[in-house]
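Coordinate analysis (summary)
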Amino acid sequence: MTSSISLGFHLLNIVFIDLYLFVQFTFRTYNFEYLELQISVTLNRYNFKYLITSLVYLPKIFMAEKVNPYKDSDQSKKVQVTKMFDTISNEYDGLNRVISFGIDVKWRNKVVKMVAEKQPENILDIATGTGDLAISLASTNAKEIIGLDISDGMLEVGRKKISSKNLNGIISMVIGDSEDLPFEDNTFDAITVAFGVRNFEHLEKGLAEILRVLKPNGIFVILETSVPTNPIYKAGYNFHTKLIMPTIGKIFSKDKVAYNYLSESASVFPYGEALNNILRKIGFIKVEHNPQTMGVATIYSASKA
Ligand SMILES: C[S@@+](CC[C@H](N)C(=O)[O-])C[C@H]1O[C@@H](n2cnc3c(N)ncnc32)[C@H](O)[C@@H]1O
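Not measured: the values here are computed from a predicted model.

The next point concerns the environment of Asn-277. Looking at where Asn-277 falls in the secondary structure, it is placed in helix α11 (residues 273–282). Measuring from C-alpha to C-alpha, the distance between Asn-277 and Val-287 comes to 8.5 Å, with ten residues separating the pair along the chain. At a separation of 3.0 Å, a polar atom in the side chain of Asn-277 contacts the side chain of Arg-280.

So this is what it looks like as structure tokens:
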């Protein structure tokens with residue numbers, strides 16, 4: 001009986017992978033390494049619960065990965081995202097404060113507090129951008145903080161801020177891709193990503209890399225935009241992200257479509273329990289989430305066995 005149920009699940013799993021392959025081929029986004037990872041993650045962590053959550057959240061990941069900055073471009077999401085952040089790097093900090101009314105500073109401070117409680121020796125801040133979170137993390141007294149980002153333009157702005165605060169001895173800014181991290185397994189006590197995961201070309205691949213380089217019992221914290229569930233807050237959120245944000249972007253940004261992308265990618269990205277389940281499926285443990293400011297952002301924390 002148990003073995004026939006198991007065989008049934010196995011067949012369903014194969015159907016799921018086939019469907020996934022079909023979608024990848026249809027939309028010409030076939031990526032062998034990603035498929036390999038999908039198969040191994042699904043089979044290794046294979047059980048009924050994960051199969052169900054896979055089927056539920058896969059369309060969400062697929063939609064999020066399909067939202068690209070430049071609609072008419074044939075380039076990969078990664079290339080487009082890098083280009084976009086290089087273009088807006090000098091205006092990013094200023095526009096960000098205006099668009100978020102400065103609340104992003106409060107959210108980053110909460111992330112710092114959660115990380116500080118673990119007294120980490122070393123921290124990796126992925127998608128560090130202009131380094132605001134990496135700089136705030138210096139207050140944890142970690143001996144080494146690495147800020148990693150795919151956009152050299154963003155890193156360059158960050159390097160200047162780090163020098164002006166005399167933090168060069170603690171924080172280094174490294175160019176790199178979250179989906180292929182240049183570090184050994186089990187390297188970091190703490191890893192953070194603020195407003196970065198929704199820009200990954202392959203979300204699960206990036207998260208699997210993060211799990212690989214996190215030390216057992218280490219802490220992983222994500223700060224990411226989310227959508228309020230309360231209909232009144234949601235209406236306000238839609239007004240701000242769909243109208244105000246792109247308009248401010250159009251007037252003040254060097255890249256006229258960047259803030260459309262940032263708003264659109266936020267609206268389709270999986271959040272709350274959906275993102276928790278993705279983290280669990282990848283292999284993270286102790287996964288929790290905590291919505292911030294009416295649910296317009298959420299802080300997720302997780303660990304490694
Ligand atoms: C919205 S910014 C967030 C920057 C910063 N963490 C903050 O809180 O302001 C997103 C950052 O993710 C970076 N990014 C996108 N895809 C990446 C990838 N695959 N690997 C590393 N960084 C990436 C972008 O270059 C950009 O700097």
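The geometry of an aromatic ring pair is captured by the separation of the ring centres together with the interplanar angle, meaning the angle of the planes. Per the stated rule, a full pass over the model turns up four aromatic pairs. Between Phe-183 and Phe-188 the ring centres are 5.0 Å apart and the planes differ by 90°, which places this aromatic pair in the edge-to-face class. On the accessibility criterion, Phe-188 (1% relative accessible area) is buried.

On to the pairing of strand β6 (residues 285–292). Where β6 and strand β7 (residues 297–303) come together, six bridges link them in antiparallel fashion. Residue Ile-285 lies in a different strand from β7, and its bridge partner there is Ser-303. Once β6 ends, the chain turns through four residues before running back antiparallel as β7, passing Thr-293 with a positive phi of about 40°.

Moving on, we get to the environment of Ser-76. Locating Ser-76 in the fold gives a position in the loop between α3 (48–66) and α4 (77–99). Residues Ser-76 and Glu-201, 125 residues apart in the sequence, show an inter-C-alpha distance of 8.0 Å.

This part is about the nonpolar core. If you look at the biggest cluster of nonpolar residues, it comprises 29 residues, and the most contacted ones within it are Leu-124, Ile-126, Ile-191, Leu-207, Ile-210, Phe-220 and Phe-284. Ranked by residue count, the leading element in this core is helix α8 (residues 203–213), at six residues. Apart from the residues within four sequence positions on either side, Phe-284 is in contact with Leu-207, Ile-210, Leu-211, Leu-214, Phe-220, Leu-279, Ala-302 and Ser-303. Core analysis: the next-biggest nonpolar cluster, separate from the first, contains 25 residues, Leu-137, Ala-138, Met-173 and Ala-190 among them.

Space inside the largest pocket adds up to approximately 590 Å³. What lines the largest pocket is a set of 26 residues, among which Ile-99, Ser-100, Trp-107, Thr-225 and His-240 lie closest to the centre. Among the elements of the structure, α4, α5 (103–116), α9 (231–252) and α10 (258–268) are those that each provide at least two residues to the lining of the largest pocket. It is α9 that provides the largest number of residues to the lining of the largest pocket, a total of six residues. Tallied by class, residues from the lining of the largest pocket come to 16 nonpolar, eight polar and two charged.

What the rule picks out here adds up to 16 salt bridges. Residues Lys-78 and Glu-179 are paired through a salt bridge, measuring 3.0 Å at the closest nitrogen-oxygen approach. You can see Lys-78 sitting in helix α4 and its partner Glu-179 sitting in the loop between β3 (171–175) and β4 (188–194), a full 101 residues away along the chain. Since its relative accessible area comes to 21%, Lys-78 is described here as partly exposed. Residue class for Glu-179 comes out buried when judged on its relative accessible area of 6%. When salt bridges with common partners are traced through the structure, they connect Asp-93, Arg-97, Asp-104, Arg-108, Asp-132 and Lys-161 into a single cluster.

For the rest of this paragraph, the subject is empty space enclosed by the protein. Applying the stated criterion to the full structure yields one cavity of 30 Å³ or more. Elements supplying a minimum of two residues to the lining of the largest cavity: α4, β1 (122–126), α6 (132–136) and β2 (144–149). If you tally residues by element for the lining of the largest cavity, the top one is α4, at five residues. Considering only residue class, the lining of the largest cavity consists of twelve nonpolar, nine polar and nine charged.

Rules of the game
Residues numbered from 1 in each chain as written. Predicted model: local features only at pLDDT ≥ 70, side-chain atom pairs only at ≥ 80, totals over all residues. Heavy atoms only, no water. Helix = DSSP H or I, 4+ residues; strand = E, 2+ residues; numbered from the N terminus. Polar contact = N/O pair within 3.5 Å; in protein donor to acceptor, adjacent residues only side chain to side chain. Phe/Tyr/Trp six-rings, centres within 6.5 Å; stacked < 30°, edge-to-face > 60°. Buried < 20%, exposed > 50% of the residue type's maximum accessible area, 1.4 Å probe, protein only. Pairing = 2+ DSSP bridges. Core = buried A, V, L, I, M, F, W, Y, C linked by side-chain atoms within 4.5 Å. Contact = heavy atoms within 4.5 Å. 1 Å grid on protein atoms, 1.4 Å probe; cavity = no way out; pocket = protein on both sides within 12 Å on 5 of 7 lines; lining within 4 Å. Points joined across faces, edges and corners; volume = space filled by probe spheres on them. Nonpolar A, V, L, I, M, F, W, Y, C, P; charged D, E, K, R; others polar. Salt bridge = Lys/Arg side-chain N within 4 Å of Asp/Glu carboxyl O.

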